[in-house]
Every structure is written in C-alpha cells, then in structure tokens.
Amino acid sequence: MKAPLIAAALTALTWSASALGAPPEPAPPAPPDLPAGPTVPLPAVSDGDGDVEWSLLPGAAGNTDVGIIAGLSAIAVGVERGYEPWRWRFNGGFSMAFKENGDTLELPRIKGLLRVDTPLPKSIGVRFVAELAGERLTNAGWFGVGNDSVAMAPLLDDDDEPIGDPALRHRYTRNEARAQLLTHWTVFKGVALVGGMQVRWMLPEVNEGSQLALDIAAGGVVGTATHTVVELKSGLVMDTRNDPVWPTSGMLHELGVRFSPEGVTGTDFTWAGITAHGRVYVPVYKDNIVFAIRSLADVLFGDVPFHELSRCGTFDVLDVLGGPAGLRGVPEGRYQGRAKVLGSVEIRSLFGHFDFLERDLRFGVAVATDFGRVWADVGPDGDSYHWSVG
C-alpha cells in the first residue's frame, strides 16, 4: 500500500495542526514543541496485508520565550486486513530548545514522547493506546492565579538589590515524567467509551524571589514538593473525521472526567476535573483548504496541584491559556485558574510536494485566531477575554 505522507510547514503558523487535531486520537508525531508532521493518512479499511509505512523527519522552530527548537520525529504504521484503522502505529519525537543568556547557552526545554496504538480485530472494537513522555522546562510560567494576573516587578531586599534572578520572577522549573494507558471501546460507529489511568512524576523547582515562592509563603499553593500523581480517566468520544491524523472533514468531540485520589502514592491532596472539547473540520476547496473550529471548557475541583491550573484535558495534557496548544503567541502558563474556556478558528492549506527519504511530503500554512479566559476562586479575576492571531 502506498499512502502519501503529509508534512506541515515548519513555521509557527502550523502549531494549529496539533492544537485542533489532537486528542483523544494519537497526536501527530511531531517532536514536542514543533509543528505537526510527518503524518500518514490511511484509509479506514486497509487494502493491503502486512504493509508497513514509515517516515523520519527533522524539524526546527522557535520563539522568543525558549529560543531555537530543534527536534526529530518518527512514525511507523503497520496495516492488516481485519484491523481498523491500522494493525499498529508507533510515533515518537524528541526536541530541545537552545537560547543564549549572556555568554551562556541555556537549554530551557527538553521534551520526549513515545506512543504506541494497537487495535484488536475490528469485530471486537477495542484498541489500546500506551504513552511514555518526559520533559524538563526551566521556564514554566507562574504569574499567580486569576484572569487579570499581571507581571510584577522584581523583588528587592533592604539594599534595593534584586532577590534572585529578575528574569525568573515568573518562572519555575518543571521536571515531569508520565506513563498512560487508555482503552477505546467502540459502542457504535463513530462513538467510543474511553477509560484508563495515568501516572505522573512531578519534580518542581521553585526560584528564589519568584512569584511562585511568594504565593507558597502566603499559603494555599498545593503540590510544590516532589510528588506522584495518579489519575483515573473515563469519557465518551464521538469521532466522524475522515482521517484521524490530518482531518479535512467531520467532527471530533470529547467529554471526559479525571480523578486523582490522595494517599495512593503518598500525596495528601485529592482533586478532579471535567473536560468538554469539540472540533469541527469543513473542506473549503477540496482537501487543500480546510476551515477548522475548536471550543474547549475545563473545570477543576478539590485540592488542585498548582501545575494543573494552567492545564486542561482528560486524555491528553494540554498547556492552555498560553502556549502552542491554546492562545498561541502568549507565553505558556501565563494564566492559571480552576475553570478555563478556549476557542480557536483557523484556515489551513496544503500545497507543494517534495521528496524526503523516498517519501512524498507536502507542506502548508495555517492562519488562526485563539481566544479564551480563566476563572479562579482566589486572586484577581476580571471580565476580559484574551486572544491572539497568527
């Protein structure tokens, strides 16, 4: 079987492929923080038996927050009669960011991902998705809780000297490793029940004189010590997309809940969350130009660890209200809150071909706008919405 391989243009504009086309299907095999691609659009039922398609693609991107990002992504897909949409699929990626700070070269971000998708025979209607991921972010954001949180001046000591590094006033280091196993059970065509568990190992590092250090001293911030988070997940997914990786028509809707009990791994906090996430894709001109729209709402309850206040999602972890997964162009972690809403509208286009490792690749661009806000039960919380265009 010959399936064309699609690669999104390696520009900041193609963040949208990940933002709108991701969970709960396995996300495009881009290195973390790089635009999506390459991808393998396969037919719903394979016309081959034992065929394997694969691709390997380097990538580069960048922004003013983390500098230059370089990475490598890989994908391999095996197809077999009686299995849908594939017999197995492997995708993985690794990326590092490089940024100058005076005379030194920093590595503000290191991310890696490995994901395996293995359906059982089509007649059973069950598939398993396993994931291992890890990251180290020395510039994770914390501006305080609330929709109207603001950047503050550096803290000064009695001699009017800065306490700590002023550049780290709203930053902390997040070290994280996670493992997840999800089971998808098709109840009828296009609708599946999804359930599973995720384990995350969190090692935050708080900078002296930072906003996070101040908020910890004031009390009420949960999860600042090294800890392990166990999440139980369940939900319902409706998927009518014509392709699970690069959709040009159809819908993908998710309603999911997650629950993290205390005591399982020694933690003393219990929390839960609910997510509603909808995505619609409409072809404008054949499959070359596509209109895509997304809406997302996420609410957290209980003693929520601080690192979750800028995240959402039941089956995939998304950093929102700031970052490439939501409110693009705004720094990751810019807004934190227990409740979040986010919307995106974009036009995608694919054009041009080139060969790489004997594979037919295509590239394209996207124009998008994002808007959203957070609500918190502590901290400033105005009525305004935040938005971005790119």
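Note that this is a predicted model, so its numbers are computed, not measured.

Some thoughts on the overall build of the protein
Each helix and strand counted, the protein has two helices and 17 strands in total. The proportion of buried residues among the 390 residues of the protein is 52%. Considering only contacts within the protein whose residues lie at least 6 apart along the sequence, 65% involve residues at least 24 apart.

Focus on the packing of aromatic side chains
Here the structure, examined in full by the defined rule, presents two aromatic pairs. A ring pair is formed by Trp142 and Phe306, whose centres lie 5.7 Å apart and whose planes are at 80 degrees; its orientation type is edge-to-face. Highlighted residues: Trp142 in the loop between β6 (126-141) and β7 (171-188) and Phe306 in the loop between β12 (289-302) and β13 (311-312), separated in sequence by 164 residues. Take Trp142: its relative accessible area is 2%, and that puts it in the buried class.

Topic: the environment of Val365
Inspection of the secondary structure assignment puts Val365 in strand β16 (residues 359-375). Owing to a relative accessible area of 30%, Val365 belongs among the partly exposed residues under this scheme. With 14 residues separating them along the chain, Val365 and Phe351 place their C-alpha atoms 8.5 Å apart.

Let's talk about the nonpolar core
By size, the foremost hydrophobic cluster in this structure holds 15 residues, and its most contacted members are Trp142, Tyr172, Trp271 and Leu309. Apart from the residues lying within four places of it in its own chain, the contact partners of Trp142 are His170, Tyr172, Gln211, Leu212, Asp215, Phe306, Leu309, Gly333 and Gln336. By size, the runner-up hydrophobic cluster in this structure holds ten residues, among which are Leu318, Leu321, Ala325 and Leu327.

Examining the confidence of the model for the protein
In this model, the protein carries a mean pLDDT of 82, and residues with pLDDT of at least 70 account for 83%. Long-range and interchain partners of residues 1-47, a stretch whose pLDDT sits below 50, account for 193 contacts in this model, where long-range means more than four residues apart.

Examining the pairing of β6
Two faces belong to every sheet, and in a regular strand the side chains alternate between them. In this sheet, β6 lies alongside strand β5 (residues 109-119) in antiparallel orientation, the contact comprising eleven bridges. Following the sheet pairing, Leu113 is matched in β6 by Ala133. Hairpin connection, β5 to β6: the antiparallel pair is bridged by six residues, and Gly125 has positive phi, about 75 degrees. Direction of pairing for β6 relative to β7: antiparallel, over a ladder of 14 bridges. Counterpart to Leu137 in the pairing with β7 is Arg174.

Section: the side chain of Asp215
Structurally, the position occupied by Asp215 is in helix α2 (residues 211-218). Those residues within four positions of Asp215 in sequence are excluded, and the remaining contacts are Trp142, Gly144 and Val221.

Remarks on the pattern of salt bridges
The final tally for this structure, using the stated rule, is 26 salt bridges. One salt bridge connects Glu135 with Arg174, and the closest N-O pair in it is separated by 2.8 Å. You can see Glu135 sitting in strand β6 and its partner Arg174 sitting in strand β7, a full 39 residues away along the chain. Using a relative accessible area of 3% as the deciding quantity, one classes Arg174 as buried. Among the ionic pairs, Asp298 bridges to Arg258, the shortest N-O distance being 3.2 Å. Taken together, the residues Asp298 in strand β12 and Arg258 in strand β10 (residues 250-260) connect sequence positions 40 residues apart. Take Asp298 and Arg258: they sit in the same class, and that class is buried.

As for the side chain of Arg89
Assignment of secondary structure puts Arg89 in strand β3 (residues 88-101). Buried and unpaired, Arg89 has no salt bridge, with Asp117 as the nearest side chain of opposite charge at 5.3 Å. At 3.5 Å, the side chain of Arg89 and the side chain of Asn91 are in polar contact.

Remarks on a negative patch on the surface
Among the surface-exposed residues, Asp157, Asp158, Asp159, Asp160 and Glu161 lie close enough to one another that they form a single negatively charged patch. By relative accessible area, Glu161 is classed as partly exposed at 46%.

Some words on a nonpolar patch on the surface
On the surface, Val52, Trp54, Leu56, Leu72, Trp88, Phe90, Leu114, Val116 and Leu132 cluster together into a nonpolar patch covering about 730 Å² of accessible area. Taken together, the elements giving at least two residues each to the nonpolar patch come down to β1 (52-63), β3 and β5. Ranked by residues supplied to the nonpolar patch, first place goes to β1 with three residues. Structurally, Leu132 can be placed in strand β6.

What to know about unusual backbone geometry
Along the chain, Glu84 connects to Pro85 via a cis peptide bond; the corresponding omega equals 0 degrees. Secondary-structure assignment places Pro85 in the loop between β2 (67-78) and β3.

Notes on the pairing of β2
Across twelve bridges, the pairing between β1 and β2 is antiparallel. Residue pairing across strands places Gly59 opposite Gly71, the latter belonging to β2. Count of turn residues in the β1/β2 antiparallel hairpin: three residues.

Digging into α2
If you check which residues of α2 are buried, you get Gln211, Leu212 and Asp215. For α2, the buried positions fall inside an angular range of 95 degrees around the axis, keeping them on one side. Elements that come into contact with the buried residues of α2 comprise β7 and β8 (191-206). After α2 finishes, the residue Gly219 shows a positive phi value of roughly 90 degrees.

The rules behind the values
- Residues numbered from 1 in each chain as written.
- Predicted model: local features only at pLDDT ≥ 70, side-chain atom pairs only at ≥ 80, totals over all residues.
- Heavy atoms only, no water.
- Helix = DSSP H or I, 4+ residues; strand = E, 2+ residues; numbered from the N terminus.
- Buried < 20%, exposed > 50% of the residue type's maximum accessible area, 1.4 Å probe, protein only.
- Contact = heavy atoms within 4.5 Å.
- Phe/Tyr/Trp six-rings, centres within 6.5 Å; stacked < 30°, edge-to-face > 60°.
- Core = buried A, V, L, I, M, F, W, Y, C linked by side-chain atoms within 4.5 Å.
- pLDDT = per-residue confidence, 0-100.
- Pairing = 2+ DSSP bridges.
- Salt bridge = Lys/Arg side-chain N within 4 Å of Asp/Glu carboxyl O.
- Lys, Arg positive; Asp, Glu negative; His and termini not counted.
- Polar contact = N/O pair within 3.5 Å; in protein donor to acceptor, adjacent residues only side chain to side chain.
- Patch = residues over 30% accessible without salt bridge, like charges linked within 9 Å, V, L, I, M, F, W, Y side chains within 5 Å.
- Areas by Shrake-Rupley, 256 points an atom, 1.4 Å probe, with all protein chains shown as cover.
- Charge placed at Lys NZ, Arg CZ, Asp CG, Glu CD.
- Arc of directions from axis to C-beta.

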